[in-house]
Structure formats: structure tokens, C-alpha cells
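Coordinates in review
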Amino acid sequence: EKDKGLIRDSWESLGKNKVPHGIVMFTRLFELDPALLTLFSYSTNCGVAPECLSSPEFLEHVTKVMLVIDAAVSHLDDLHTLEDFLMNLGRKHQAVGVKTQSFAVVGESLLYMLQSSLGPAYTTALRQAWLNMYSIVVSAMTRGWAK
Ligand code: HEM
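Our focus in this paragraph is the site of the ligand. Not every one of the 15 residues close to the ligand is listed here, only the nearest: Phe40, His61, Lys64, Lys92 and His93. Within the contact set of the ligand, an oxygen atom lies 2.7 Å away from a side-chain nitrogen or oxygen of lysine 92. Looking at which element gives the most residues to the shell around the ligand, the answer is helix H4 (residues 56-74), with four residues.

Where helix H6 (residues 102-118) contacts helix H7 (residues 124-142), the two axes come as close as 11 Å, and the packing angle between them is 150°. The orientation of H6 relative to H7 falls into the category roughly antiparallel. Where H6 crosses over H7, the two elements pack in a sense that is right-handed. Touching Phe103, Val106, Gly107, Leu110, Leu111, Leu114 and Leu118 of H6 are Leu126, Arg127, Trp130, Leu131, Tyr134, Val138, Met141 and Thr142, all from H7.

Its location among the elements puts serine 10 in helix H1 (residues 2-14). Setting aside residues no more than four positions away along its own chain, serine 10 makes contact with Leu118, Leu126 and Trp130.

Time to look at the environment of serine 135. Relative to the helices and strands, serine 135 is located in helix H7. With 68 residues separating them along the chain, serine 135 and leucine 67 place their C-alpha atoms 17 Å apart. A distance of 3.1 Å separates a polar side-chain atom of serine 135 from the backbone oxygen of asparagine 132.

Scoring rules and cut-offs
Residues numbered from 1 in each chain as written. Predicted model: local features only at pLDDT ≥ 70, side-chain atom pairs only at ≥ 80, totals over all residues. Heavy atoms only, no water. Near = heavy atom within 4 Å. Polar contact = N/O pair within 3.5 Å; in protein donor to acceptor, adjacent residues only side chain to side chain. Helix = DSSP H or I, 4+ residues; strand = E, 2+ residues; numbered from the N terminus. Axes fitted to C-alpha atoms, helices over the stretch in contact; angles between N-to-C directions. Parallel < 35°, antiparallel > 145°, perpendicular 65-115°, else oblique. Left-handed = near helix turned anticlockwise from the far one by under 90°. Contact = heavy atoms within 4.5 Å.

Shown next as C-alpha cells:
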């Protein structure tokens, strides 16, 4: 319950500016693992990461990711209702060539975004609360990978 409060309170401010925060997160992700950029078809239309990061398709995906996080935060009390949706979402990511191992670096990028936006409000307890929620989302998505 304390975890939920930490997540809800922090998301209340971050969620008002989803796209800019999502851009911080994905800029970090492609910095940590530039190869992930090549999984997006639009990456063939731009040379280097900074160019790709301003393409409309990139912003669309960022928006989609932030909406999934928003849905998870709204469903903290009944995350299991998102199970089928997340499993399907995982299946779509398998189809575009994402590996489940990449979710670890996505998680790192999420924490990076939280830390840089929340500053001193980014505490060990808050970090752990987000990690717990993220790991539930990721394990549901991972169930979408065909065995
Ligand atoms: C769709 C890549 C992580 C949410 C896609 C697509 C690609 C992609 C290539 C299809 C094209 C598009 O719709 O833009 C990746 C990569 C990721 C990643 C490389 C990191 C390794 C995530 C995460 C979430 C997410 C963490 C949310 C928690 C979505 C959604 C769609 C999507 C909602 C649309 C699915 C649909 O069409 O129904 N992703 N993605 N993605 N992604 Fe990701």
C-alpha cells in the first residue's frame, strides 16, 4: 500500500508531461543499447540516434509506452486485469524482434527518467516501488513470448 502511494504521487506530476519524460527514458535506452533503435522500421530513414529521436514514429511509440505505464498506475489495485493486454503486447514485441532480456535495460532507463525528473523525491523506497510494478508488467509481457 505504501508502494502504491509512492507510485501514484510521483506519477501524478510526471504523467502530466508524458511525452517529454518518455523521450528522456528512450533517449537513455538507445544510449545504453543503440542496437534497439534498428528494431524500429523508421530507423532506416534517419542516420544517427538524435535524428531518429525526433521522428514522429518515435514520438508515437514513446506516447504508447507512457500510456501503458499510465494504465498500470491506474490499475495498481487490480494489475491482473491487464494480464491479457500485456501478454499480447509482449507477443507483438517478439514479432518485431525484441528480446525479453532487453526489458532489463528498459527498466534501467525508466529508473533513470524517474531519477532525473524527481530529483530528491527519488528515494530507495520509491525506486523499489517502481521496480516492483515494472517487474509485474514485464513478467506479463514476457508470457507473450512463444515457447
Ligand atoms: C509497438 C519496439 C518497449 C509499448 C512497438 C513497435 C516496435 C516496438 C518496433 C511497433 C511499431 C510501433 O508501434 O511503433 C519496442 C522496443 C522496446 C519497446 C525496441 C524496448 C526494448 C516497449 C515497452 C512498452 C511498449 C516497455 C510498454 C510498457 C508498445 C505499444 C505498442 C508498441 C503499446 C503498440 C502495439 C500495438 O500496435 O498494439 N514497440 N518497444 N513498448 N510498443 Fe514497444
